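# What the coordinates show
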Amino acid sequence: MANNPAKQNTIKGSRIFGDYLIMLAAPCFVAAWYHGSRFLSVAAVSVITALFCDFAAKAILGKTFHLRDFSNIFIGIAIALMLPAGIPLYVPVTAAAFAVLAVKIPFGGALHAPFVPAAAGFAFISICFKDLIFDYSVNSETRLLGAESLGSMLSKGKSVYISTANVFDIIAGNVAGPMGTGCGILMLACCVYLFVRRRKALLATIGFVAACAVYAAVSPRINASALTSIVLELSAGSLMFAGVFLLTDHATLPHNGINRVIYGALCGVLCMAMRGAGVFEETVCFAILLANGMRPVLDAAFRALPSVSFKRKEAAEK
Amino acid sequence: MSNNVSFKDMLVKGALIFNPVLIQLVGLCPVVAASTTLAGSAALSAALCIELTATCVIASALFKKIPRWVRVPLYLIIGLALICPVLWYIETKTLINMSLGMKIYIPLIAINSVTAVHCEQFAVKNSVKLAFFDAAAVSIGASAVMLLVGTVREIFGSGSLAGVNLDLPVIFKGMSLPFGCLILLGFMAAGLKAFINYRYGDEEETEEEAPVEDEEIIEDEIAEVEIFDEFWVEQPAEEEPAPAEKAQPQTAQEIQSSANEDIEDFFRSIGIDYYEKGDKQ
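What comes next concerns the included structure.

Definitions and limits used
Residues numbered from 1 in each chain as written. Chains lettered and ligands numbered in written order. Predicted model: local features only at pLDDT ≥ 70, side-chain atom pairs only at ≥ 80, totals over all residues. Heavy atoms only, no water. Helix = DSSP H or I, 4+ residues; strand = E, 2+ residues; numbered from the N terminus. Buried < 20%, exposed > 50% of the residue type's maximum accessible area, 1.4 Å probe, protein only. Contact = heavy atoms within 4.5 Å. Patch = residues over 30% accessible without salt bridge, like charges linked within 9 Å, V, L, I, M, F, W, Y side chains within 5 Å. Areas by Shrake-Rupley, 256 points an atom, 1.4 Å probe, with all protein chains shown as cover. Salt bridge = Lys/Arg side-chain N within 4 Å of Asp/Glu carboxyl O. Core = buried A, V, L, I, M, F, W, Y, C linked by side-chain atoms within 4.5 Å. Phe/Tyr/Trp six-rings, centres within 6.5 Å; stacked < 30°, edge-to-face > 60°. Polar contact = N/O pair within 3.5 Å; in protein donor to acceptor, adjacent residues only side chain to side chain.

## A closer look at the overall build of chain B
Summing up its helical and strand segments, chain B has nine helices and four strands in all. Its helices and strands taken in sequence order, chain B reads α-α-α-α-α-α-α-β-β-α-β-β-α from the N to the C terminus. Within chain B, the fraction of its 281 residues that count as buried is 40%. Considering only residue pairs separated by 6 or more positions, chain B has 74% of its internal contacts joining residues 24 or more positions apart.

In structure tokens:
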């Protein structure tokens, strides 16, 4: 394979998920810091379920199971980070099993699935166990707003006066919410890492965050300034986490760079619209799944647009 | 046309190999929307069996000389004429409680695509006996799928079976929703296809092995790793991919045409002329 010039300019899929795992280390540390063994047990159960389901499915299908396929670990940890601390263990088991068995395996693996497996798993348990998924009462006594999450507060039309005293708590994730997705500072750090490793993938995140911010400013759910609305909406739930980790899934990203921005913006508009009109407090996974379904349409519709991409100098000269 | 076809052959082909719900994917709307319980699935199955069998027999006996543009509306009218009195009788003269959803979807059974397809493509071109066999086989295949789907959805989505609470520790509400049914149908279709390939498949046909995931190669990403010696480069426009030797069906019309050819080949294989002379364009 190394002698094949057509494949020299390539990387393996495990490298992509390896990058994701490196990026997930920081949110995992924060989640373990805040929630201790509770997060570790949920993450362990979720990862073991994903690995076991993948192993069992490949044994049934007669395919080879590779432990180096980091996508199972990524799916398990991503799902665990988006869950509340008091979640019963059968919920992450259900989510991981659904993500692997219903989304990843039937389409030939994580690099071929037309939908993001972790997002599908979280969406499934959001529908099946809605009351459990959005119950953030455990380990929230010392948080900024107590047991009430930002998403719940925004859905009720309640606002928070943002000052220097509480803004750091909000962007550092010291409010009730999912175990490991609330820290906006870490998400920015992950964006920097993603910029170094896969900068074209970050175009979707940029479009997503920009669309969410514009939507929050133009159509706020609370009686507050546009800046307050933007900060609260972007900090609520798993929005930033999904924008960095789930939206940049290689298999579901459009080919063209401009299409990726449009794809991210579409996902952001869908997410904010569903937050305002839907019954769920956290809608980003549903928005990602909807955008996944529209990705082929985007690729077809905007195929004629010019593309600009990063290439190394020597590669360009060849 | 050959009348020497056994019901067993028709049953295997009509209910299994060309299962209307899992293989041909026709008549999905009532299955997805209304088969949330075993009782509902049983009602849908009974309605489909009665309506499809009677319509196909009537079409085979009476409609062979009628022009095609008149026949299709007649199938729907006959179906509704059969179903609506039954529904009215159940509502007014019995104590069976039918939910609003069932009241909507049982009349839809009369005008679903299964009836139109099998009446127009088979019944009016064959004898009454073969039309009855075909309708019965298709009804059995569709009913089996509906009952299985209804059972699974009621157990996992409602935690009960035929109205009896099973006291399950976990209930998956998503299974009661249409997306749960579609996922379930997808797995059932894959299982049925695998069984058909195993039991009736061509031995010479070898399955193309999917690439091993860990060896998957992803292009155009390595150049993004190192950032210090890069610059923006206008990429040439992407070339259109060369057309394949045999184009895959893309539009709904092409897919339907391809499916019709498969059905035609099947009926020819068992000695039945699928189209009459001069009927096929």
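## Overview of the overall build of chain A
When helices and strands are counted, chain A shows 15 helices and two strands. Classification of the 318 residues of chain A by burial places 57% in the buried group. Intrachain contacts of chain A at a sequence separation of at least 6 include 76% that bridge at least 24 residues.

## Thoughts on a nonpolar patch on the surface
Together, F168, I171 and I185 of chain A give the surface a local cluster of nonpolar side chains, amounting to about 260 Å² of exposed area. For I171 of chain A, the position within the fold is in helix 8 (residues 167-171).

## Quick word on the nonpolar core
By size, the foremost hydrophobic cluster in this structure holds 133 residues, and its most contacted members are L83, I133, F245, L246 and I288 of chain A together with L185 of chain B. Core analysis: the next-biggest nonpolar cluster, separate from the first, contains 10 residues, V160, I170, V231 and A236 of chain A among them.

## Overview of the packing of aromatic side chains
Residue and element names in this part refer to chain A. Taken as a whole and assessed by the stated rule, the structure comprises 16 aromatic pairs over all chains. Between the aromatic rings of F17 and F74, the centroid separation amounts to 5.9 Å while the plane-to-plane angle is 50°, which identifies the pairing as tilted. Of this pair, F17 sits in helix 1 (residues 13-35) while F74 is found in helix 3 (residues 71-81), placing the two residues 57 residues apart along the sequence. The buried category is assigned to F17, whose relative accessible area is 4%. On the numbers, 6.3 Å between centres and 55° between planes, the contact of F134 with F280 is tilted.

## Regarding the side chain of R260 of chain A
Note on placement: R260 of chain A falls in helix 13 (residues 257-277). There is a polar contact of 3.3 Å between the side chain of R260 of chain A and the backbone oxygen of K200 of chain A.

## What to know about the environment of F122 of chain A
Residue and element names in this part refer to chain A. Summarising the element assignment, F122 is placed in helix 5 (residues 117-128). Look at F122 and you get buried, because its relative accessible area is 2%. The sequence separation of F122 and F98 amounts to 24 residues, and the corresponding C-alpha distance is 8.9 Å. For F122, the contacting residues outside a window of four places in its chain are M82, L83, I133, E282 and C285.

## Brief notes about the pattern of salt bridges
Residue and element names in this part refer to chain A. Per the counting criterion, the structure on display carries 11 salt bridges over all chains. Its salt-bridge partner being D54, residue K104 comes within 3.2 Å of it at the nearest N-O pair. Here K104, found in helix 4 (residues 90-104), pairs with D54, found in helix 2 (residues 37-61); they are 50 residues apart in sequence, far enough to count as distant. Residue class for D54 comes out buried when judged on its relative accessible area of 0%. In this structure, D299 and R295 form a salt bridge, with 3.3 Å as the shortest nitrogen-oxygen distance.

These figures capture arrangement, not role.
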